[in-house]
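Given next are the chains, with one letter for each unit.
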Amino acid sequence: MSAEVIIEARAVSKWYGQFHALKDINLTVHKGERIVICGPSGSGKSTLIRCFNRLEAHQEGEIVVNGVALHGRMSNVAAVRSNVGMVFQHFNLFPHMTVLMNCMAGPMWVKGVPAAEARQTALQFLERVRIPEQANKFPVQLSGGQQQRVAIARSLCMKPDVMLFDEPTSALDPEMVSEVLDTMTGLARDGMTMVCVTHEMGFARAVADRVIFMDAGQIVEEGTPDAFFRNPRHDRTKVFLSQILKH
Amino acid sequence: MLYPDTVEAEVLVHKPWFVATLFGIVLLVFMAFNMSGTGFAELMRPVIGEPSTSGLYGRFAIGFAIAVIFTLNVVLIGFAPLKLQIGIVWLELLLLFIAFFETFHLSLPFIREKLPFLISQGVVTTLYVSAISIVIASVIAVAGAVAKLSNNGFAYAIASFYTSFFRGLPLLMQVYLIYLGLPQLGFVINAVPAGILALSLCYGAYMTEIFRSGIQSIDRGQWEASRSMGFGFALTMRRIILPQALPVIIPPTGNQFISMLKDSSLVSVIGVWELMFLARTLGQKTFQHMEMLISAAMIYWVLSICLELIQSRIERHYARSKVR
């Protein structure tokens, strides 16, 4: 692959006290790539993507995002973060602002975009996640699936180079999972670079360029969805897949 | 509102056992007090004869009459809709208070004569001293709360020393310390600024804790979402965290404001001509203490009610985003 590198992690390690949460992680994300990270709970997958916008600090190794190395003394962390969109498991919308304002806030306050322009962009992305009619409601008035789609629109309004999804459908009712996955699939079709932590294997199979399986802080297996689901090489992967695909 | 259950229970004040118990208690209480010297006993004269010689029968009859009136009143109010109930109960309690003050035989002309000065000098001073102190205390509180939550050792140490000291000393002592102590250091300070300083520092310390708990009550996810979009600390605090913390902060802060309004009376000890000071001095010459004290009490109450109303308006404003 010759495309430009968006995220590069080299020999990344992280500890929580004595607990070794990430062990020697190496991962490269190219522009336009869709990567799905899966693994059992506690395997470090959320921790890893939270390191990519430095919501978490890594202690060893190097993470370079858009050419900027992330470390504890960086002065331009805001610039990096504003180019990396993040969607959380629990949405984390700003409950005291309308849906529209949630989407306008970032561009206005961080990038200094004029209100009228921010508004137009916000409406455009709300249209894209198919909830323009909810623009003037407050987040609590929306269903979980709608809130998560607003959260996606809010991130998109910052025009990020890469989107990180941290278990975006785990807190949703089954019916609402598909509306969020449809939105994400749409994004993938349009060429957005995405790193998704998710257990939605159907989504991984349909959308991912690469599936990464993590266990106990390590990347155990990595491959195209086809290879990953048909011929998992490691026993740990086989057990995981048989558990998750059993039902 | 408490959580409203969907199953309707019978109104408490219409349950026979409750009415009977209430009746019995009121009867016993008023029998226990000797009411034969009161105006109510005079009204009962046709039934009980000369009140002072009516004995146990008289006491029973008086207690019985009061218990009937009281219980009937409660049962009847029970039929009224909620808003009317609240209104009637407020009115009745107010009437009881007025009846209580009646027994002091206050000189109304004296009050009418002194009231304008009590308001133009006393209330105005009380209001501006408290208003300035409230503003300064709020600023201190935000800074103190941020300092107490920060990782900076100096900031934390200063803030926690400050809250510990000013919450630990009686306000009266702080007023004296600032007014009499600062001149020792070479700062001669007037009574009004000294009072404002003492009130601000004391209430700033309490409000620091209120603000800190309000800020801490906001979910971590709000910080994470803000940070992930590139918001800095000040922006996150001002636009995301504090607006959400306000609904948590406002009720106890309203409490503090009301409390400060009344505690501003403590600065009267250093000779600030505020409401309490005037209430004590105006009545002194003619020994009409009660007139002035009760007038001042009523004025404090009215001012507090105004603050309560303002507080409930603000609370309603911030309840918007919680409406489903």
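Residues numbered from 1 in each chain as written. Chains lettered and ligands numbered in written order. Predicted model: local features only at pLDDT ≥ 70, side-chain atom pairs only at ≥ 80, totals over all residues. Heavy atoms only, no water.

> So, the UniProt feature "domain: ABC transmembrane type-1" (unreviewed entry) in chain B: which residues are in play, and what are the values?
The residues that UniProt annotates with the feature "domain: ABC transmembrane type-1" (unreviewed entry) are residues 123-311 of chain B. End C-alpha to end C-alpha, residues 123-311 of chain B measures 20 Å, and it is 81% helix and 0% strand. (UniProt positions renumbered as here; feature names shortened; annotations may be inferred. Helix = DSSP H or I, 4+ residues; strand = E, 2+ residues; numbered from the N terminus.)

> So what's going on with the domain arrangement of chain B? Residues and values would help.
Annotation of chain B at the domain level lists domain 1 (12-103) and domain 2 (113-320). Using only C-alpha atoms to locate each centre, domain 1 of chain B and domain 2 of chain B end up separated by 42 Å. (Domains from an automatic or database assignment.)

> Tell me about the interface of chain B and chain A, and please be specific about residues and values.
On the chain A side, the residues contacting the 22 residues of chain B number 25 residues. When chain B packs against chain A, the two sides together hide about 1900 Å² of surface, and 63% of this comes from carbon and sulfur. The tally of links from chain B across to chain A stands at 1 salt bridge. Linking A:R50 and B:E224 is a salt bridge whose minimum nitrogen-to-oxygen distance equals 2.6 Å. Taken together, the connections running from chain B to chain A amount to 4 residue pairs in polar contact (both at pLDDT 80 or more). (Contact = heavy atoms within 4.5 Å. Buried area = accessible area lost by both parts, 1.4 Å probe. Salt bridge = Lys/Arg side-chain N within 4 Å of Asp/Glu carboxyl O. Polar contact = N/O pair within 3.5 Å; in protein donor to acceptor, adjacent residues only side chain to side chain.)

> Quick one: what's the story with the environment of A:N66, residue by residue and with numbers?
Residue and element names in this part refer to chain A. Following the sequence through the fold, N66 ends up in the loop between β4 (60-65) and β5 (68-69). N66 gets classed as partly exposed once you look at its relative accessible area, which sits at 29%. What N66 contacts, discounting residues up to four positions off in sequence, is I6, N83 and D161. Of note is the side chain of N66, whose polar atom sits 2.8 Å from the side chain of D161. (Buried < 20%, exposed > 50% of the residue type's maximum accessible area, 1.4 Å probe, protein only.)

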